[in-house]
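So you can see what is in the structure, the chains are spelled out below.
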Amino acid sequence: MPARINPSILSADFVNMQRDLERIAGADLVHVDVMDNHFVPNLTFGPQMVERVQATSPVPLDVHLMIDDPDRWAPRYAEIGCFSVTFHAEAAGAPLTLARTLRKLGARAGVALSPKTDVGAYLELLPEFDQVLVMTVEPGFGGQKFLPHVLSKLTRLREAAERQGVEVWLEVDGGVNEQTIVQAAEAGADTFVAGSSVFGADDAGAAIEALRAAAAPHVH
Ligand code: DX5
Ligand code: ZN
C-alpha cells in the first residue's frame, strides 16, 4: 500500500518558505503546525501566513492545529481552502460538531491525540473523521525522540477501522525517520509526518522517497 509522506514546515526556514516548499514538491501533503503559545509552549503562524503558504505551495496543506478553542478558530482554515484540518481532542469543546463543520466547509476533518490521551472514546466515532493523528512526541517542538509506547493506539485504531469498514487515514507525527517509520507502519499508520528528518537532509526530495520506500512494504 502507498505511504503518504507529509513533511512538516516547522523544520523549514521561515524566511525562505517558498524555496523550502519547492524542496518538498514531491510530498503527498505539506504539514503545517499552527501553535498558539497556550495549548503548547511554542508559537508559529496563524491563518494569514497559512493562506500565503497555501497560495505558494504546489502541494495541498495538512493543517495541524495545536491551539486552544479550535471550535472557534479551526473553520477559518477550512474556509481558506486547506485540504485537511486537524484539531486536538484535548482542546475541542464539541469535537463532533467541529468535525461536521469542517467537512461541510470542504476540508478533510482530523482529530489529534497527544501521547497521554486515550484513544478509546474515538474508536466508535471513526466515521465522523477523515483522519486521526497520533502524536508520537509531546506536541510543541520538532526534533524530539519518537515514543514507541504510543504505537498501541494505532493498532487499536487500525483494528476498529477495519472492523467498521471505515476509510480513515491514520497519521503519525513526531520523531519519524527511516527506522521509526517502519514501526509506525507495522502498527497501522498509513500517513507520516516528518520534519527534521526531511529538512535536515541535504536532498529533501530523496529523504521523502526514502521514507516512502521504507514504509510502503509495511502499510496495511
Ligand atoms: C510537533 C509537530 C510536528 C513536528 C514534527 O508538535 O506537531 O509536526 O514538526 O517534527 P519532527 O519530525 O522533527 O519530530
Ligand atoms: Zn504536527
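Figured I'd write up the structure that's included with this text. What you see is a predicted model, and the numbers here were worked out from it, not measured in a lab.

## A short note on unusual backbone geometry
The backbone phi angle of N37 is positive, close to 70°, even though this residue is not glycine. Structurally, N37 is set in the loop between β2 (30-35) and α2 (47-56). When its relative accessible area of 43% is taken as the criterion, N37 is described as partly exposed. The backbone of D69 sits at a positive phi, close to 50°, despite the residue not being glycine. The topology assignment puts D69 in the loop between β3 (61-66) and α3 (70-79). On the accessibility criterion, D69 (36% relative accessible area) is partly exposed.

## Thoughts on the packing of aromatic side chains
Applying the stated rule across the entire model yields 4 aromatic pairs. Seen from their ring centres, F14 and F45 are 5.3 Å apart, and the 45° between their planes marks the pair as tilted. Taken as a pair, F14 in the loop between β1 (4-7) and α1 (17-23) and F45 in the loop between β2 and α2 lie far apart in primary sequence, 31 residues in all. Look at F83 and W169: their rings are 6.4 Å apart centre to centre, the planes differ by 35°, and that puts the pair in the tilted class. Residue F83 is found in the loop between α3 and β4 (84-88), and its partner W169 is found in strand β7 (residues 169-173); the two are separated by 86 residues along the sequence. In this structure an aromatic cluster arises from ring pairing among F87, Y122 and F129. Cation over ring: R108 sits above W169, and NZ or CZ is 3.6 Å from the ring centre.

About the criteria used
- Residues numbered from 1 in each chain as written.
- Chains lettered and ligands numbered in written order.
- Predicted model: local features only at pLDDT ≥ 70, side-chain atom pairs only at ≥ 80, totals over all residues.
- Heavy atoms only, no water.
- Helix = DSSP H or I, 4+ residues; strand = E, 2+ residues; numbered from the N terminus.
- Buried < 20%, exposed > 50% of the residue type's maximum accessible area, 1.4 Å probe, protein only.
- Phe/Tyr/Trp six-rings, centres within 6.5 Å; stacked < 30°, edge-to-face > 60°.
- Lys NZ or Arg CZ within 6 Å of the ring centre and 35° of its normal.

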